[in-house]
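If you want the building blocks of each chain, they are given just below.
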Amino acid sequence: ASVPMIHAVLVDLARRTPKPLAFKGHSMGCYLWLQVLERVAMVWERSRVRAQLAHVVLDAPDAPPLFFRRVVAQLAGAGVRVLHFYNARDEAIDMSGQRRGFEKPYPGSAPILTRLPNVEVVDCSSAHSTSHGVRSTNHDYGRVDGYCVMDQRDFLQNVPPSERLLTYRESDSCWVIQTGR
């Protein structure tokens, strides 16, 4: 799938439905969605998508840190609510960031844009991940850990973070998922 193709589908979807739109990306899919949403932002004032885009979930985002910051700040500034899940133990994000020469901190393994209105940053380091062979890379928590899945549901239903299974960690200015582990 290409950015122009997904952008065209998004514009067509906005034309067909009056309902609010929500999107989720995982890993490199976050990078793809952010590129599409950046393209939407280029024509933001005359875009139907702007009025309908309500929520974006970025789960283990594998995207260039500066690009991530810029586009997420742009979305949040336009009133779009963004949920940013990260895991400090995510080995796949660390390997990808090193391989591509990104500067740390990486969005998928660190709290970024923690004090930005409309952005909820959630540390999922205690969440469950599946094992691939001998051990887990701590990368798929957003789709396999029940607490993470419930938190995404609650976010999309506009439940405030203080009313979800989260605690606020002052030192990083972010929320921490409560998994019972």
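Here's a quick rundown of the structure. Because the structure is a prediction, the values reported are computed rather than measured.

This part takes up unusual backbone geometry. Going from Lys104 to Pro105, the amide bond is cis rather than trans, its omega being 5 degrees. As for its position among the elements, Pro105 is in the loop between helix 5 (91-100) and strand 4 (119-123). With a phi angle near 60 degrees, Leu113 is a residue other than glycine that sits in the positive phi range. Along the polypeptide, Leu113 turns up in the loop between helix 5 and strand 4. With a phi close to 55 degrees, Ser173 is a non-glycine residue in the positive phi region.

Attention shifts here to helix 1 (residues 3-16). The terminal C-alpha atoms of helix 1, which comprises 14 residues, lie 20 Å apart, in line with the 20 Å expected from a rise of 1.5 Å per residue. Taken together, the buried positions of helix 1 are occupied by Val3, Ile6, His7, Leu10 and Ala14. For helix 1, the angular spread of buried residues about the axis comes to 105 degrees, placing them on one side. Along helix 1, the residues that are exposed and aim more than 90 degrees away from the buried face are Val9, Arg15 and Arg16. Among the residues of helix 1, the N-terminal cap falls to Ser2, whose side-chain oxygen and the backbone nitrogen of Met5 are separated by 3.2 Å.

The next subject is the nonpolar core. Formed by 30 residues in total, the largest nonpolar core has its most connected members in Leu10, Leu34, Leu53, Leu58 and Leu75. Elements that contribute at least two residues to this core include exactly helix 1, strand 1 (21-26), helix 2 (28-42), strand 2 (53-59), helix 4 (65-77), strand 3 (81-86) and strand 4. Those residues in contact with Leu34, other than ones at most four positions away along the chain, are Leu58, Ala63, Phe67, Phe68, Val71, Val72 and Leu75. Judged by nonpolar contacts, the second largest core, of 13 residues, contains Leu83, Phe85, Val122 and Tyr141.

So, about the side chain of Thr179. Along the polypeptide, Thr179 turns up in the segment after strand 6 (174-177). With a relative accessible area of 6%, Thr179 lands in the buried category. Apart from the residues lying within four places of it in its own chain, the contact partners of Thr179 are Ser126, Ala127, Asp145 and Tyr147.

One pass over the full model with this rule turns up 12 salt bridges. Residues Asp151 and Arg164 are paired through a salt bridge, measuring 2.6 Å at the closest nitrogen-oxygen approach. Within this pair, whereas Asp151 is found in helix 7 (residues 146-156), its partner Arg164 is found in the loop between helix 7 and strand 5 (166-169), the two being separated by 13 residues in sequence. Classification of Arg164 as buried rests on a relative accessible area of 5%. Connected through salt bridges with shared partners, the residues Arg81, Glu120, Asp151 and Arg164 form a single ionic network.

As summarised here, the arrangement of the six strands in space is 1-2-3-4-6-5, forming an open sheet in which the pairing is mixed. Looking at strand neighbours, the two that pair on one side only are strand 1 and strand 5, the edges of this open sheet. Direction aside, the axes of adjacent strands within the sheet are offset by 25 degrees on average. Alignment of strand 4 against strand 6, held across two bridges, turns out to be parallel. Bridged to Val122 within strand 6 is Trp175. Against the sheet, helix 2 touches strand 1 and strand 2, its axis set at about 140 degrees to strand 1.

Conventions adopted
- Residues numbered from 1 in each chain as written.
- Predicted model: local features only at pLDDT ≥ 70, side-chain atom pairs only at ≥ 80, totals over all residues.
- Heavy atoms only, no water.
- Helix = DSSP H or I, 4+ residues; strand = E, 2+ residues; numbered from the N terminus.
- Expected span 1.5 Å × (residues − 1).
- Buried < 20%, exposed > 50% of the residue type's maximum accessible area, 1.4 Å probe, protein only.
- Arc of directions from axis to C-beta.
- Polar contact = N/O pair within 3.5 Å; in protein donor to acceptor, adjacent residues only side chain to side chain.
- Core = buried A, V, L, I, M, F, W, Y, C linked by side-chain atoms within 4.5 Å.
- Contact = heavy atoms within 4.5 Å.
- Salt bridge = Lys/Arg side-chain N within 4 Å of Asp/Glu carboxyl O.
- Pairing = 2+ DSSP bridges.
- Axes fitted to C-alpha atoms, helices over the stretch in contact; angles between N-to-C directions.

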